[in-house]
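Read off the chains here:
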Amino acid sequence: QVQLVESGGGSVRSGGSLRLSCIASGYASSEYRLGWFRQTPGKEREGVAAIDSDDSTTYADSVKGRFTISQDSAKNTLYLQMNNLKPEDTAIYYCAARPKIVRSTLDKRDYNFWGSGTQVTVSS
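Structure report, in brief.

Scoring rules and cut-offs
- Residues numbered from 1 in each chain as written.
- Predicted model: local features only at pLDDT ≥ 70, side-chain atom pairs only at ≥ 80, totals over all residues.
- Heavy atoms only, no water.
- Disulfide = S-S within 2.5 Å.
- Helix = DSSP H or I, 4+ residues; strand = E, 2+ residues; numbered from the N terminus.
- Phe/Tyr/Trp six-rings, centres within 6.5 Å; stacked < 30°, edge-to-face > 60°.
- Buried < 20%, exposed > 50% of the residue type's maximum accessible area, 1.4 Å probe, protein only.
- Lys NZ or Arg CZ within 6 Å of the ring centre and 35° of its normal.
- Pairing = 2+ DSSP bridges.
- Axes fitted to C-alpha atoms, helices over the stretch in contact; angles between N-to-C directions.

## Some thoughts on the state of the cysteines
The full count for this structure, using the stated rule, is 1 disulfide. One disulfide in the model links Cys22 with Cys95; its S-S distance is 2.0 Å. Taking the torsion about the S-S bond as the criterion, the Cys22 to Cys95 disulfide, at about 50°, is right-handed. Taken as a pair, Cys22 in strand S3 (residues 18-25) and Cys95 in strand S9 (residues 91-99) lie far apart in primary sequence, 73 residues in all.

Written out as structure tokens, the structure is:
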């Protein structure tokens, strides 16, 4: 069992920045890898960024060049640095875990454990 808790969400103006964190409890780094997703009312949850044990990363086209995913395995923590935020980035952001045998992916069907989410609001 893996428990994930997100933090760092808030309200910012367009062009601003936020840094999200996700602390994993009971997370086996040798068995799972992490990613970030987001969701707005009426829309399907979409993948934002994913990271592997070798720190290789995958990003959605909509955030590429603006968001950076990273991890600190010693602290069991996942990060998402979000720069040049846009109103379209407004959503609840979730961290999630997938078995390490699954290559870096933004498909939510590959993830087994989910945090409860943190709200990000970007105003114009």
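## Thoughts on unusual backbone geometry
One non-glycine residue, Asp55, lies in positive phi territory at about 70°. One can find Asp55 in the loop between strand S5 (46-51) and strand S6 (57-59). With phi around 50°, Asn76 is a residue other than glycine that occupies positive phi space. Within the element layout of this structure, Asn76 appears in the loop between strand S7 (67-72) and strand S8 (77-82).

## Describing the packing of aromatic side chains
The relative placement of two aromatic rings is captured by the distance of their centres and the angle of their planes. On inspection of all chains with the given rule, the structure shows 4 aromatic pairs. Consider the rings of Phe37 and Tyr111, whose centres lie 4.9 Å apart with planes at 80°: the pair is edge-to-face. Here Phe37, found in strand S4 (residues 32-39), pairs with Tyr111, found in the loop between S9 and strand S10 (113-114); they are 74 residues apart in sequence, far enough to count as distant. When its relative accessible area of 5% is taken as the criterion, Tyr111 is described as buried. Summarising the aromatic geometry, the rings of Tyr111 and Trp114 are spaced 6.1 Å apart at their centres and angled 55° between planes, so their arrangement reads as tilted. Taken together, Phe37, Tyr111 and Trp114 form an aromatic cluster joined through their ring pairs. In this arrangement the basic side chain of Arg45 is found over the ring face of Tyr94, its NZ or CZ atom lying 3.8 Å from the centre. Cation over ring: Arg45 sits above Trp114, and NZ or CZ is 4.8 Å from the ring centre.

## So, the sheet that holds S7
Reading across from one edge, S1-S3-S8-S7 is the order of the 4 strands in this open sheet, with antiparallel pairing throughout. Looking at which strands have only one partner, the edges of the open sheet turn out to be strand S1 (3-7) and S7. Across this sheet, the average inter-strand angle for adjacent strands is 15°, counted without regard to direction. Sheet topology places S1 next to S3; 5 bridges connect them, and they run antiparallel. Residue Val5 lies in a different strand from S3, and its bridge partner there is Ile23.

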